[in-house]
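Structural overview
These are the residues of each chain, in order.
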Amino acid sequence: MIREPAELSIDEDGKVSLPIGLLAEAGLGTGARIMAFSDGDGRIVLQREADALEKLLQDGTL
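One structure accompanies this document, and this report is about it. (Residues numbered from 1 in each chain as written. Predicted model: local features only at pLDDT ≥ 70, side-chain atom pairs only at ≥ 80, totals over all residues. Heavy atoms only, no water.)

1. So, the overall build of the protein
Check the secondary structure of the protein and you find two helices and two strands. N-terminal to C-terminal, the α/β element order of the protein is α-β-β-α. Computed over C-alpha atoms, the radius of gyration of the protein comes to 13 Å, more than 25% over the 11 Å expected from 2.2 N^0.38 for 62 residues, which places it beyond the range of a compact globule. For the protein, the spread of C-alpha atoms along the principal axes amounts to about 35 × 30 × 20 Å. In the protein, which comprises 62 residues, the proportion classed as buried is 6%. Taking contacts inside the protein between residues at least 6 apart in sequence as the whole, the part at least 24 apart equals 7%. Roughly 5400 Å² of accessible area belongs to the protein as shown, and the carbon and sulfur atoms make up 52% of that amount. Between the averaged position of the 6 positive side-chain charges in the protein and that of its 12 negative side-chain charges there is a distance of 5 Å. (Helix = DSSP H or I, 4+ residues; strand = E, 2+ residues; numbered from the N terminus. Rg over C-alpha atoms; globule rule 2.2 N^0.38 Å. Buried < 20%, exposed > 50% of the residue type's maximum accessible area, 1.4 Å probe, protein only. Contact = heavy atoms within 4.5 Å. Areas by Shrake-Rupley, 256 points an atom, 1.4 Å probe, with all protein chains shown as cover. Lys, Arg positive; Asp, Glu negative; His and termini not counted. Charge placed at Lys NZ, Arg CZ, Asp CG, Glu CD.)

Shown next as structure tokens:
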């Protein structure tokens, strides 16, 4: 699979739109529930809600 980076920008309302191709590469489709959080080192993490909750319950952290 060829993975291409996507250049994004933050709009005036503070929103970012992700291309559907990028989400499809991650196995996410329309209506999928994801969680977004800062990793504390300048990275933003997007994770499936179910995976994030499972990790939170197992490790106590995201």
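2. Describing the environment of Gln 47
Structurally, Gln 47 is set in strand β2 (residues 44-48). Gln 47 sits 10 residues away from Phe 37 along the chain, and the two C-alpha atoms are 8.6 Å apart. The residues contacting Gln 47, other than those within four sequence positions of it, are Ile 34, Met 35, Phe 37 and Ala 52.

3. Re the pattern of salt bridges
Considering all chains together, one arrives at four salt bridges under this definition. One salt bridge in this structure joins Asp 39 and Arg 43, with 2.8 Å as the shortest N-O distance. For Asp 39, a relative accessible area of 36% gives the class partly exposed. Residues Asp 51 and Arg 48 are paired through a salt bridge, measuring 3.5 Å at the closest nitrogen-oxygen approach. Residue Asp 51 is classed as partly exposed on the basis of its relative accessible area, which comes to 34%. (Salt bridge = Lys/Arg side-chain N within 4 Å of Asp/Glu carboxyl O.)

4. Remarks on the layout of surface pockets
By volume, the largest pocket is sized at about 390 Å³. Contributing elements (two or more residues each) for the lining of the largest pocket: α1 (20-25), β1 (34-38) and β2. Top element by residues in the lining of the largest pocket is β2. It accounts for four residues. When grouped by side-chain class, the residues that make up the lining of the largest pocket number 12 nonpolar, two polar and one charged. (1 Å grid on protein atoms, 1.4 Å probe; cavity = no way out; pocket = protein on both sides within 12 Å on 5 of 7 lines; lining within 4 Å. Points joined across faces, edges and corners; volume = space filled by probe spheres on them. Nonpolar A, V, L, I, M, F, W, Y, C, P; charged D, E, K, R; others polar.)

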